[in-house]
Amino acid sequence: MSIARQGALWSAQAHMPTVSIDPIEIVRGEGSYIFTRDGQRLFDTTSGLWHANVGHGRRELAQTAALQMETLETYHVFGRFVNDKAIALAEQVADMAPIDDPKVFWTSGGSDSVDLACKLALRHWQIHGKPTKHVILSRDKAYHGLHGFGTSVAGLEPNRLGYGVDSIFPLTARVSNSDIESVRQTVAEIGAENIAALIAEPVMGTGGVLPPTSGYLEGLQQLCRANDILFIVDEVITGFGRTGRMFASERFGLDADMILVAKGITSGYMPLGGVIIASRVWAPYFGEGAEVFRHGLTYSGHATACAVAIRNLQIMEDEGLVERVAALEPQLAAGLNAISNTPGIVEVRTCGLLGGVQMDPQINGENVARRCIGAGVSMRVLTDNTLQICPPFITTDDELQLVMDTIADALRAELQVAA
Ligand SMILES: Cc1ncc(COP(=O)(O)O)c(C=O)c1O
């Protein structure tokens, strides 16, 4: 066990008394592995928080950052000022994105992107003379970060509640995350004339790795189009390769009004997020009589973050990492299927290089995670007692197998002790 050292640090989503007696302090990363202060080497099963797609410790990314910082650490993109890296990355991402002729608004991360998209959706209907369209819909069990809007649209109630109101921003509502008929009913009850946007993760992450049920996302897409509801696709986890396509929107044939990105765009080497915006949303802000969108962050288009993102995307291309994810998907699916009969497993779920192992609610999931970590395989428990599998794209076949074997062993050992 590590010595309590974190002192003044208030950790995120943490029960601080537990953290202070039993922290896992990470001091180094290399490839698919992280190293604790005590010298333990752990396979990074979760890619940190779903972000370390090209793996840790890449010298070329550190060198890119150093060079950019020597040249220009950053310069803002407010008003007439822009910087070359923000322009170049926007161009590149616009070319890659599954939206025709989009614009890209940079942010500092996923929650920032959620805030921006929700604000832009509300503004959109004000500009278009539909002033009652205020409600933002989100899915049961949704996670969209923890800023004001992300907290308000959280479908994981512990993240949304506790502030004395149902949601911090008043006009939000939850819809079914699997049954499109039920979503239709909710839309009819609220009235499309009151709904600004619907936000959805193509594969729900923190909610427990929930791939969409058949036809569900396509149904959302149609429902939104038919009712003048903006469709915001949150690809903060799935963007840049995680489902075996550059964007999950391609995999599921979605035509979003806004796509949110973060995490994988830099593989976590710099904080960066963005919103990729379709022309029907950006048009009023460009050209004659344009409106000004009163939004922006000091670090929107941070030059070093953008330079690192450009290099990160180059690495992904050079090493064929999206194809690698597509190749690993069947192995992950088959491997999880093979362990699905292990006592204590309720269900296994996969999509691309994302896996969830849902355990019986009687099982102490944190104990199972501890056992995995003890065996050298990092682990995190998500909603509904689900173990998160989201390794770096450079993971080998053997490492992937090791993760699945370790989970099965940890579960057996935990059940033996509990018996
Ligand atoms: C789907 C989704 N949206 C938004 C966010 C928030 O991103 P960030 O933590 O970078 O603010 C996350 C973070 O995990 C996420 O999974």
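An account of the accompanying structure is given in this report.

1. Some thoughts on the layout of surface pockets
Consideration 1: The space that makes up the second largest pocket amounts to roughly 940 Å³.
Consideration 2: Elements represented by at least two residues in the lining of the second largest pocket include exactly helix 4 (84-96), strand 4 (103-107) and helix 11 (279-282).
Consideration 3: At five residues, the largest contribution of residues to the lining of the second largest pocket is made by helix 4.
Consideration 4: Among the residues making up the lining of the second largest pocket, the classes are represented as 19 nonpolar, four polar and five charged.

2. Regarding the sheet that holds strand 13 (residues 381-382)
Consideration 1: The sheet built from four strands is open, its strands ordered 11-12-14-13 with antiparallel pairing. Looking along the sheet, the strands with just one partner apiece sit at the ends: strand 11 (345-351) and strand 13.
Consideration 2: Judged from the two bridges that link them, strand 13 and strand 14 (residues 386-389) form a sheet pairing that is antiparallel. Residue pairing across strands places Leu382 opposite Thr386, the latter belonging to strand 14.
Consideration 3: Strands strand 11, strand 12 (354-359) and strand 14 of the sheet are contacted by helix 13 (residues 321-339), whose axis makes an angle of about 175° with strand 11.
Consideration 4: Contacts between helix 15 (residues 397-418) and the sheet are confined to strand 11, strand 12 and strand 14, with strand 14 contributing the most and set at about 160° to the helix.

3. Points about the packing of aromatic side chains
Any aromatic ring pair is given by two values, namely how distant the centres are and how the planes are angled relative to each other.
Consideration 1: A complete count under the given rule lists seven aromatic pairs for this structure.
Consideration 2: For the pair Tyr75 and Phe81, a centre-to-centre distance of 5.4 Å together with 50° between the ring planes defines the contact as tilted.
Consideration 3: Judged by relative accessible area, which is 39%, Tyr75 ranks as partly exposed.
Consideration 4: Relative accessible area serves as the criterion here: at 46%, Phe81 is assigned to the partly exposed category.
Consideration 5: Of the aromatic side chains, those joined through ring pairs into one cluster are Phe105, Tyr285 and Phe293.
Consideration 6: Positioned over the ring face of Phe35 is Arg28, at 4.0 Å from the centre of the ring.

4. Considerations on the site of the ligand
Consideration 1: Taken together, the neighbourhood of the ligand is formed by Gly109, Gly110, Ser111, Tyr143, His144, Gly145, Glu201, Asp234, Val236, Ile237 and Lys263.
Consideration 2: In this structure, Ser111 approaches the ligand through a side-chain N or O atom, which is 2.6 Å from an oxygen atom.
Consideration 3: A distance of 2.9 Å is found between an oxygen atom of the ligand and a side-chain nitrogen or oxygen belonging to Lys263.
Consideration 4: Contact with the protein chains covers 82% of the free accessible surface of the ligand, which is 390 Å².

5. A look at the environment of Ala226
Consideration 1: Within the secondary structure, Ala226 sits in helix 9 (residues 216-226).
Consideration 2: For the pair Ala226 and Ala192, spaced 34 residues apart in the sequence, the C-alpha separation amounts to 9.5 Å.

6. A few points about the pairing of strand 10 (residues 273-277)
Working note: regular strand, side chains alternate between the two faces of the sheet.
Consideration 1: Counting buried residues in strand 10 gives five out of five residues, a clear majority hidden from the surface.
Consideration 2: Across the two faces of strand 10 the burial is the same, with Gly273, Val275 and Ile277 and Gly274 and Ile276 all buried.
Consideration 3: Pairing of strand 4 with strand 10, which is carried by five bridges, proceeds in the antiparallel orientation. Among the inter-strand pairings, Val104 is bridged to a residue of strand 10, identified as Ile276.

7. Here's the deal with the pattern of salt bridges
Consideration 1: Inspection of the entire model under this criterion finds 22 salt bridges.
Consideration 2: Its salt-bridge partner being Arg280, residue Asp228 comes within 3.8 Å of it at the nearest N-O pair. In this pair, Asp228 sits in the loop between helix 9 and strand 8 (230-234) while Arg280 sits in helix 11, placing the two residues 52 residues apart along the sequence.
Consideration 3: Its relative accessible area of 32% is what places Arg280 among the partly exposed residues.

8. Looking at the pairing of strand 9 (residues 258-261)
Consideration 1: Of the two faces of strand 9, the one lined by Met258 and Leu260 and the one lined by Ile259 and Val261 are each fully buried.
Consideration 2: Across three bridges, strand 8 lies against strand 9 in parallel orientation. Across the sheet, the residue bridging to Ile232 is Met258, located in strand 9.
Consideration 3: Of the strand pairs in this sheet, strand 9 and strand 10 are connected by four bridges, and their pairing is antiparallel. Bridging from a neighbouring strand, Ile259 pairs with Ile276 of strand 10.

9. Regarding the sheet that holds strand 9
Consideration 1: The strand order across the open sheet built from seven strands is 4-10-9-8-7-5-6, with neighbouring strands paired in mixed fashion. Single-partner strands in this sheet number two, and they are strand 4 and strand 6 (172-175). Taking the axes of each pair of neighbouring strands and ignoring which way they run, one obtains an average angle of 20° across the sheet.
Consideration 2: Sheet topology places strand 5 (residues 135-139) next to strand 6; four bridges connect them, and they run parallel. Paired with Arg139 across the bridge in strand 6 is Val175.

10. Some points on the side chain of Asn159
Consideration 1: One can find Asn159 in helix 7 (residues 157-160).
Consideration 2: Those residues within four positions of Asn159 in sequence are excluded, and the remaining contacts are Gln13, Tyr143, Leu146, Thr151 and Ala154.

11. Quick notes on unusual backbone geometry
Consideration 1: With a phi angle near 50°, Asp101 is a residue other than glycine that sits in the positive phi range.
Consideration 2: Of note in this structure, Asp228 is not a glycine but carries a positive phi near 55°.
Consideration 3: In this structure Asp228 comes out as partly exposed when scored by relative accessible area, which is 27%.

What counts and how
- Residues numbered from 1 in each chain as written.
- Predicted model: local features only at pLDDT ≥ 70, side-chain atom pairs only at ≥ 80, totals over all residues.
- Heavy atoms only, no water.
- 1 Å grid on protein atoms, 1.4 Å probe; cavity = no way out; pocket = protein on both sides within 12 Å on 5 of 7 lines; lining within 4 Å.
- Points joined across faces, edges and corners; volume = space filled by probe spheres on them.
- Helix = DSSP H or I, 4+ residues; strand = E, 2+ residues; numbered from the N terminus.
- Nonpolar A, V, L, I, M, F, W, Y, C, P; charged D, E, K, R; others polar.
- Pairing = 2+ DSSP bridges.
- Contact = heavy atoms within 4.5 Å.
- Axes fitted to C-alpha atoms, helices over the stretch in contact; angles between N-to-C directions.
- Phe/Tyr/Trp six-rings, centres within 6.5 Å; stacked < 30°, edge-to-face > 60°.
- Buried < 20%, exposed > 50% of the residue type's maximum accessible area, 1.4 Å probe, protein only.
- Lys NZ or Arg CZ within 6 Å of the ring centre and 35° of its normal.
- Near = heavy atom within 4 Å.
- Polar contact = N/O pair within 3.5 Å; in protein donor to acceptor, adjacent residues only side chain to side chain.
- Areas by Shrake-Rupley, 256 points an atom, 1.4 Å probe, with all protein chains shown as cover.
- Salt bridge = Lys/Arg side-chain N within 4 Å of Asp/Glu carboxyl O.

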